[in-house]
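These are the residues of each chain, in order.
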Amino acid sequence: MIVAPATSFGQGGIGIIRLSGPGCLDLVRPFVLGLGGGPPSWKSHRLYYGQFTDSSQRVIDEVMAVYMASPRSYTREDVVEIHCHGGLVVGRRILETLRHAGARTAQPGEFTLRAFLNGRIDLTQAEGVMEVIEARHRSAHQIAVQHLEGSLAHFCNELREQLLDSLALLETWIDFPEEDIDHPSFDSIVGTLTSVIENLRPVVASFRNGRVLREGVSVLILGKPNVGKSSLLNALVGSDRAIVTDLPGTTRDTLEEQLDLDGLRLRLTDTAGLRDSDDPVEQEGVRRACGKIAQADIVLLVIDGHRGMDDDDRSALGRCAGKNSIIVINKSDLPSVEIPSLPSHFPVITVSAATGAGIDRLREELRIRAGIADGEECPESLILTEERHHQALSQTLEKLGKTIESLNAGLSPEFIALDLREAVESLGVITGETAPEEVINRIFSRFCIGK
Ligand SMILES: Nc1nc2c(c(=O)[nH]1)N(C=O)[C@@H](CNc1ccc(C(=O)N[C@@H](CCC(=O)O)C(=O)O)cc1)CN2
Ligand SMILES: Nc1nc2c(ncn2[C@@H]2O[C@H](COP(=O)(O)OP(=O)(O)OP(=O)(O)O)[C@@H](O)[C@H]2O)c(=O)[nH]1
Ligand SMILES: [Mg+2]
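Rules used in this analysis
- Residues numbered from 1 in each chain as written.
- Chains lettered and ligands numbered in written order.
- Predicted model: local features only at pLDDT ≥ 70, side-chain atom pairs only at ≥ 80, totals over all residues.
- Pairing = 2+ DSSP bridges.
- Helix = DSSP H or I, 4+ residues; strand = E, 2+ residues; numbered from the N terminus.
- Contact = placed C-beta atoms within 7 Å.
- Axes fitted to C-alpha atoms, helices over the stretch in contact; angles between N-to-C directions.
- pLDDT = per-residue confidence, 0-100.
- Domains from an automatic or database assignment.
- UniProt positions renumbered as here; feature names shortened; annotations may be inferred.

## Digging into the sheet that holds strand E6 (residues 79-85)
Taken together, seven strands build an open sheet; the order of strands is E3-E4-E5-E6-E2-E1-E7 and the sheet is mixed. In the strand order of this sheet, the two ends are held by strand E3 (32-33) and strand E7 (104-105), each with one partner. Pairing geometry for strand E1 (residues 2-5) and strand E2 (residues 14-20), over four bridges, is antiparallel. Across the sheet, the residue bridging to Pro5 is Ile17, located in E2. Across the sheet, helix H2 (residues 88-100) touches E1, E2, strand E4 (47-53), strand E5 (59-68), E6 and E7, and the angle it forms with E2 is around 15°.

Rendered as structure tokens:
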């Protein structure tokens, strides 16, 4: 029998403690007094009002409690939930009491693991639970709910069924080696595999966008001192997040801020202006800024259009070589000077961080650079967000390609079945049907306490 806080105590008005396992109702019974001082009747799926006491009948809190009889529960086991006040001490004392009575503290993700092991959900739905909890903005949440509801599981199972049919056809052919495979069977197998491949391709390709939608895109703001990097960050996020002064060298440390661009999540990083300096603090700031270049998805290289380019700008520009970069010419509200020969493979956007002119165009360019064009961000179709799913489905695609090649080359059915079986297996790894234990453990170890 396991127990864990389902909410974080000390934060909200209500806290929930959840128990799961055979006998958990009997474990709780002595500690809950209903109206009138007697025990509640504990009918399944009824919410009871009462008091939770410790083992010496001292009242710990006024609570609501619910018993959910197996299998109609989150874990499919008997479950009891105590809904108490959200205080730190309350939660701690109730947990203490229940542990004393014999419940063990649940591992992170252990409730959901049980739901998986007891067959209520598959592995992708379990991952969807965490994805829903971790989603930071609407489109990530939208995709997570799809996964939670089993759309990916359904997709994989459907394809798996079709492949298993083809495998069965192939295997009858193995069993009667003296007979050649007949034309209808051959055509049917090739037809099925081709259609499965066509269904898989767009889903495998969705992974890039899926990851972007889930994790966001990192955007590094780079440039020499005083060009308006911090002002640009503020203009993009719409608040005075970073300190702006007219002194070069204002920003010393990197500063990260999130921006939701109609569902696309950007992680913007403002940096210290790049220049040679004797000041050790500034040197460290420059070192940190440069250290971020490698991991950035997009670099915004800011130039002061009023002052024009100098060697510091050129050296900053040199650091953007090979990066997905946008050149931002700032201070368009002031008279501008000629900016000579910028590398032609970078888009150039002129803005004024002070007035906001051009900022919308910059936003649009960011969306394009992130690889998500307008109107594409709210997905109806299946989107992959997990590297694990992407790998397994890519593997399935590859094996199916091989299977068709072997069929066309007239290889022996045993040989063909080998590849097809591996394709089927990869699909099973996604849903958990054939996932090795260490894969399952790795997934649930990422879960939070009480889930
Ligand atoms: N109080 C509370 N809120 C919660 C949860 C919970 O466990 N407790 N959840 C979870 O952490 C989530 C809801 N998810 C749930 C999923 C399935 C079942 C469940 O009991 N399923 C049964 C059928 C229920 C019935 O027949 O009434 C089943 O599928 O067999 C419960 C919660 C979010 N909110
Ligand atoms: N007129 C005008 N002034 C701007 C604009 N953007 C920034 N400035 C001014 O330029 C000066 C420097 O701006 P910051 O945003 O601090 O520049 P920075 O690149 O972050 O500078 P460091 O942190 O020192 O590297 C400030 O006085 C800003 O008010 C703009 O679009 N137009
Ligand atoms: Mg700054």
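## Considering the confidence of the model for the protein
The predicted model of the protein averages 91 in pLDDT, with 97% of residues at 70 or higher. Contacts from residues 373-379, a stretch scored under 50 in pLDDT, to residues over four places away or in other chains number 13 contacts. Interface confidence in the predicted complex, given as ipTM, is 0.71; pTM for the same model is 0.76.

## Some thoughts on the domain arrangement of the protein
We note that the domain assignment places domain 1 (2-106), domain 2 (134-210 + 386-446) and domain 3 (216-370) within the protein. If you average the C-alpha positions of domain 1 and of domain 2, the two centres end up 43 Å apart.

## Examining the UniProt feature "binding site: Mg(2+)" (unreviewed entry) in the protein
If you check UniProt for "binding site: Mg(2+)" (unreviewed entry), the listed places come out as Ser230 and Thr251 in our numbering. Look at the named residues: they lie 22 residues apart in sequence, but the longest C-alpha span between them is just 7.5 Å, so in the fold they bunch up. Structurally, Ser230 is set in helix H9 (residues 229-237). Mapping Thr251 onto the fold places it in the loop between H9 and strand E9 (255-261). Setting aside its immediate chain neighbours within four residues, Thr251 contacts Lys229, Ser230, Ala242, Asp270, Thr271, Ala272, Gly273 and Gly285.

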